[in-house]
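Examining the three-dimensional arrangement
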Amino acid sequence: EPEVTQTPSHQVTQMGQEVILRCVPISNHLYFYWYRQILGQKVEFLVSFYNNEISEKSEIFDDQFSVERPDGSNFTLKIRSTKLEDSAMYFCASRPEGLYNEQFFGPGTRLTVL
Amino acid sequence: QQPVQSPQAVILREGEDAVINCSSSKALYSVHWYRQKHGEAPVFLMILLKGGEQKGHEKISASFNEKKQQSSLYLTASQLSYSGTYFCGTEYREGNDYKLSFGAGTTVTVRA
């Protein structure tokens, strides 16, 4: 069964460094998402991406964040200058176009900012 | 716009029942339910479609009241494996785009 994959599974970085989290959505899906979950808290929506542009973004998704689909298969989330509070699990998800389609989540990348 | 879920948390003993509610201010095409186990990604449970059709593969039932834009998830005779955080996702149209927006989640703890 096709699945969303994410790399790395765990990323440790120093405060102020840039990180890129990678996702490979399911191949025929057209909607892509990033979510964040701080340990012990709820899943928070960051951004959705469709037709090579951001469809919707939350207040969390400020200028420090950017997304890209560089090559037609990968979907990346970049955090330009990481802060301690960026430490969280980041989930990527994808969904086919059209109504009534479930969203498939990747296994997540745990980001630890020291 | 994010749907509202209630309650925020519920604690059950094995065999007890619970209801989780999800409501939206948008006209909905469908409601999705997902469950997240601790340390794992959310997993799809079921979808309820406008018109009453329901698709799912778990022994957990749900209803969708289109008039009220509300859905309820029924955990009947709960098992330990039902523990987790349940999210509803509401599907609505915005322009030519169909969006899926998730609620904040309801944490369910089932104890022996």
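1. Examining the overall build of chain A
Tallying secondary structure elements over chain A gives zero helices and 11 strands in all. Listing the helices and strands of chain A from first to last along the sequence gives β-β-β-β-β-β-β-β-β-β-β. Scaling as 2.2 N^0.38, a compact globule of 114 residues should have a C-alpha radius of gyration of about 13 Å, and chain A matches this with 13 Å. Taken along the three principal axes of its C-alpha coordinates, chain A extends 40 × 25 × 25 Å. Counting only residues that meet the buried cut, chain A has 44% of its 114 residues in that class. Across chain A, the fraction of contacts at a sequence separation of at least 24, relative to all contacts at a separation of at least 6, is 54%. When the accessible surface of chain A is totalled, it reaches about 5700 Å², and 46% of it is carbon and sulfur. In chain A, the 10 positive side-chain charges and the 15 negative ones have mean positions that sit 4 Å from each other.

2. A short note on the environment of A:Asn51
Residues and elements named next belong to chain A. Considering the arrangement of structural elements, one finds asparagine 51 in the loop between β5 (43-50) and β6 (53-57). For asparagine 51, a relative accessible area of 59% gives the class exposed. Each C-alpha atom, one on asparagine 51 and one on proline 8, is 25 Å from the other, the two residues being 43 residues apart in sequence.

3. Section: the nonpolar core
Membership of the largest hydrophobic core comes to 22 residues, with the highest contact counts inside it found for B:Ile20, B:Trp33, B:Met46, B:Leu73, B:Leu75, B:Tyr86 and B:Val108. Of all the elements in the fold, those that place two or more residues in this core are β2 (9-13), β3 (18-23), β4 (28-36), β5 (43-49), β7 (61-65), β8 (70-75), β9 (84-94) and β11 (106-111) of chain B. Within the second largest apolar cluster, 21 residues are counted, among which are A:Cys23, A:Phe75, A:Leu111 and A:Val113.

4. Re the side chain of A:Glu44
All names here are of chain A. By secondary structure assignment, the location of glutamate 44 is in strand β5. Under the relative-accessibility criterion, glutamate 44 is labelled buried at 17%. Apart from the residues within four sequence positions on either side, glutamate 44 is in contact with Tyr35, Arg36, Ile38 and Ile60.

5. Considering the sheet that holds β7(B)
Residue and element names in this part refer to chain B. Spatially, β1-β3-β8-β7 is the arrangement adopted by the four strands of the open sheet, whose pairing is antiparallel. Each having just a single partner strand, β1 (4-6) and β7 make up the two edges of the open sheet. The average undirected angle you get between the axes of adjacent strands in this sheet is 15°. As judged from the five bridges shared by β7 and β8, these two strands associate in the antiparallel manner. Bridging from a neighbouring strand, serine 63 pairs with serine 72 of β8.

Cut-offs and rules
- Residues numbered from 1 in each chain as written.
- Chains lettered and ligands numbered in written order.
- Predicted model: local features only at pLDDT ≥ 70, side-chain atom pairs only at ≥ 80, totals over all residues.
- Heavy atoms only, no water.
- Helix = DSSP H or I, 4+ residues; strand = E, 2+ residues; numbered from the N terminus.
- Rg over C-alpha atoms; globule rule 2.2 N^0.38 Å.
- Buried < 20%, exposed > 50% of the residue type's maximum accessible area, 1.4 Å probe, protein only.
- Contact = heavy atoms within 4.5 Å.
- Areas by Shrake-Rupley, 256 points an atom, 1.4 Å probe, with all protein chains shown as cover.
- Lys, Arg positive; Asp, Glu negative; His and termini not counted.
- Charge placed at Lys NZ, Arg CZ, Asp CG, Glu CD.
- Core = buried A, V, L, I, M, F, W, Y, C linked by side-chain atoms within 4.5 Å.
- Pairing = 2+ DSSP bridges.
- Axes fitted to C-alpha atoms, helices over the stretch in contact; angles between N-to-C directions.

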